[in-house]
Amino acid sequence: MSLIACHECDLLQKRTEIPPHSKAVCGRCGALLYRHIPGSVERTVAFTIAALVLFICANVFPFLAFEVSGQATQTTLMSGAVSLYLQGMWMLSFLVFVTCIGAPLLQIVLMLYVFVPLKFGRLPAHTPLAFRSLREVQAWNMIEVFMLGILVSLVKLTKMATIIPGLALWSFLGLIVVLAAAASAIDAELVWEKLDEKNAAS
């Protein structure tokens, strides 16, 4: 008999098979125990590859262009962080880099590291550490907050200059959606089950 402990109240309960697209909740506190996501690995890999392409576009191409009195200035995500650093706001520069560039990139790399081998029936080395790290990194991914700040700034800057959205801006918007889709497609129980099977076989 397979048992599972609730992450919220620690109640030990019997693990049963559930239909596709459904979820099991704790009988005591109602917290989510696990979900059944058909095609979880394939969907996660597909969304993560799309996120990698969008991430590259968001960092290579211009994010915004400002045109004032006929003179245009282009900015990128990295140049924004560098500009803050050069102005002496190194802490803010570090936060922008970590939450908008470093954390999303690390999240994409960790998802590829775990789920691409899993797609072919293998588990990479240090899977538990990589999967736990993925959960931690997701908490630092704040590209939605960054995009909200950009949109608020754009509303204020339109009175002073002509704003020309770049390809990176649209890529960044797509990255927000695709990363959220990749995270929602992850079936954590499946990863731990595969790890248990590997440990039992060894």
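Here the residue numbering is sequential within each chain, running from 1 through the sequence in written order. Only residues with pLDDT of at least 70 get local features here, since the model is predicted, and only at 80 or more are side-chain atom pairs given and counted; chain-wide, interface and lining totals rely on the full set of residues. The side-chain numbers reported here are obtained from all heavy atoms of the structure, hydrogens and water having been left aside.

**Q** Sorry, what's going on with a positive patch on the surface here?
**A** Exposure above 30% relative accessible area and the lack of any salt bridge qualify a residue for a patch; like charges then connect within 9 Å, and the nonpolar side chains Val, Leu, Ile, Met, Phe, Trp and Tyr within 5 Å. Areas reported as accessible are Shrake-Rupley estimates using a 1.4 Å probe. Residue values count occlusion only from the protein chains shown. By definition here, a salt bridge exists when the distance from a side-chain nitrogen of Lys or Arg to a carboxyl oxygen of Asp or Glu is within 4 Å. In this tally, Lys and Arg are treated as positive and Asp and Glu as negative; His is ignored, and so are the chain termini. A charged residue contributes its charge at one atom only: NZ of Lys, CZ of Arg, CG of Asp or CD of Glu. A cluster of basic residues, K23, R35, R43 and R135, forms a positive patch at the surface. Inspection of the secondary structure assignment puts R135 in helix 4 (residues 127–140). Every helix listed is a DSSP run of H or I at least four residues long, and every strand listed is a run of E at least two residues long, numbered separately from the N terminus.

**Q** How should I be thinking about the layout of surface pockets in this particular structure?
**A** Rolled over the atoms, a probe with the dimensions of a water molecule shows which regions are left empty. The space that makes up the second largest pocket amounts to roughly 340 Å³. Whether a set of points on the 1 Å grid over the protein atoms alone is a cavity depends on a 1.4 Å probe fitting there but being unable to get out, while an open set qualifies as a pocket with protein on both sides within 12 Å along at least five of seven lines; lining residues are those with an atom within 4 Å of a point. Lining the second largest pocket are 16 residues, and of these H7, L33, R135, A188 and E189 lie nearest its centre. Listed by contribution, the elements that provide at least two residues to the lining of the second largest pocket are strand 4 (32–35), helix 4, helix 6 (167–185) and helix 7 (188–201). Among the elements that line the lining of the second largest pocket, the one with the most residues is strand 4, at four residues. Just so you know the grouping, Ala, Val, Leu, Ile, Met, Phe, Trp, Tyr, Cys and Pro go in nonpolar, Asp, Glu, Lys and Arg go in charged, and all remaining residues, Gly too, go in polar. Looking at side-chain class alone, the lining of the second largest pocket contains nine nonpolar, two polar and five charged residues. Grid points are joined across faces, edges and corners, and a volume is the space filled by probe spheres set on the points.

**Q** I tried to follow the pattern of salt bridges on my own but got confused; where do I start?
**A** Once their charged atoms are close, side chains differing in charge can pair, the charge on each being opposite to the other. With the rule as written, the count across this model stands at two salt bridges. The residue R15 makes a salt bridge to E189 at a minimum N-O spacing of 3.6 Å. Taken together, the residues span a long stretch of sequence, with R15 in the loop between strand 2 (12–14) and strand 3 (23–25) and E189 in helix 7 at a distance of 174 residues. Taking the shortest distance from any N to any O, the salt bridge between R15 and E193 comes out at 3.1 Å. With a gap of 178 residues between them, R15 in the loop between strand 2 and strand 3 and E193 in helix 7 connect regions that are remote in the sequence. Members of the salt-bridge network, linked through shared partners, are R15, E189 and E193.

**Q** What am I meant to see in the pairing of strand 4 here?
**A** On any regular strand, side chains alternate: one points to one face of the sheet, the next to the other face. We call two strands paired when DSSP finds no fewer than two bridges between them. Examined bridge by bridge, strand 3 and strand 4 share three bridges and lie antiparallel to one another. When the sheet's bridge partners are listed, A24 is paired in strand 4 with Y34. Taking the residues between adjacent antiparallel strands as the criterion, strand 3 and strand 4 are bridged by six residues, where G30 takes a positive phi near 80 degrees.

**Q** Got a minute to help me understand the side chain of Q107 in this structure?
**A** Mapped onto the fold, Q107 is located in helix 3 (residues 90–119). Excluding anything up to four places from it in sequence, Q107 contacts L134, V137, Q138, N141 and L179. Two residues qualify as a contact provided that any one of their heavy atoms is within 4.5 Å of a heavy atom in the partner residue.

**Q** Would you mind showing me how to read helix 3 here?
**A** Helical geometry note: an α-helix holds 3.6 residues per turn, so side chains three or four residues apart project in the same direction. What a helix should span is 1.5 Å times the count of its residues minus one. Between its terminal C-alpha atoms helix 3 stretches 41 Å, which fits the 44 Å expected from 30 residues at 1.5 Å a residue. Along its length, helix 3 shows its largest kink, about 40 degrees, at V98. What we call the bend at a residue is the angle made by axes fitted to the seven residues finishing there and the seven residues starting there.

**Q** In this structure, what is going on with unusual backbone geometry? I would like to understand it.
**A** Generally, phi is negative for residues other than glycine and the peptide bonds are trans, each holding for most cases. Residue D10 is not a glycine yet carries a positive backbone phi of 70 degrees. Note that D10 resides in the loop between strand 1 (3–5) and strand 2. With a 1.4 Å probe rolled over the protein chains alone, any residue whose accessible area is under 20% of its type maximum counts as buried; one over 50% counts as exposed, and the rest are partly exposed. Looking at D10, the relative accessible area reads 61%, which means it is exposed.

**Q** I tried to follow the packing of helix 1 (residues 40–60) against helix 3 on my own but got confused; where do I start?
**A** To characterise two packed helices, one gives the angle between the axes of the helices and the distance between these axes. Interhelical geometry of helix 1 versus helix 3 gives an angle of 145 degrees and a closest axis separation of 9 Å. Viewed along their axes, helix 1 and helix 3 form a crossing whose handedness is left-handed. Every residue of helix 3 that contacts helix 1 at V41, E42, T44, V45, T48, I49, A51, L52, F55 and N59 is listed here: C100, I101, P104, L105, I108, M111, L112, F115, V116, L118 and K119. When the residues that make up the contact of helix 1 with helix 3 are grouped by side-chain class, the tally is 16 nonpolar, three polar and two charged. Between N-to-C directions, angles span 0 to 180 degrees; the directions come from axes that are lines fitted to C-alpha atoms, helices contributing only their stretch in contact. Each crossing gets its hand from how the near helix is turned against the far one by less than a right angle, where anticlockwise is left-handed and clockwise is right-handed.

**Q** Can you help me understand the confidence of the model for the protein in this one?
**A** For any part of a model where pLDDT is low, the fine detail of the predicted coordinates should not be relied upon. pLDDT expresses, on a scale from 0 to 100, how confident the predictor is about each individual residue. Summary statistics for the protein give a mean pLDDT of 84 and a share of 89% for residues scoring 70 or more. Per-residue pLDDT, averaged within each element of the protein, yields its smallest value for helix 5 (residues 143–157) (69) and its largest for helix 1 (94).

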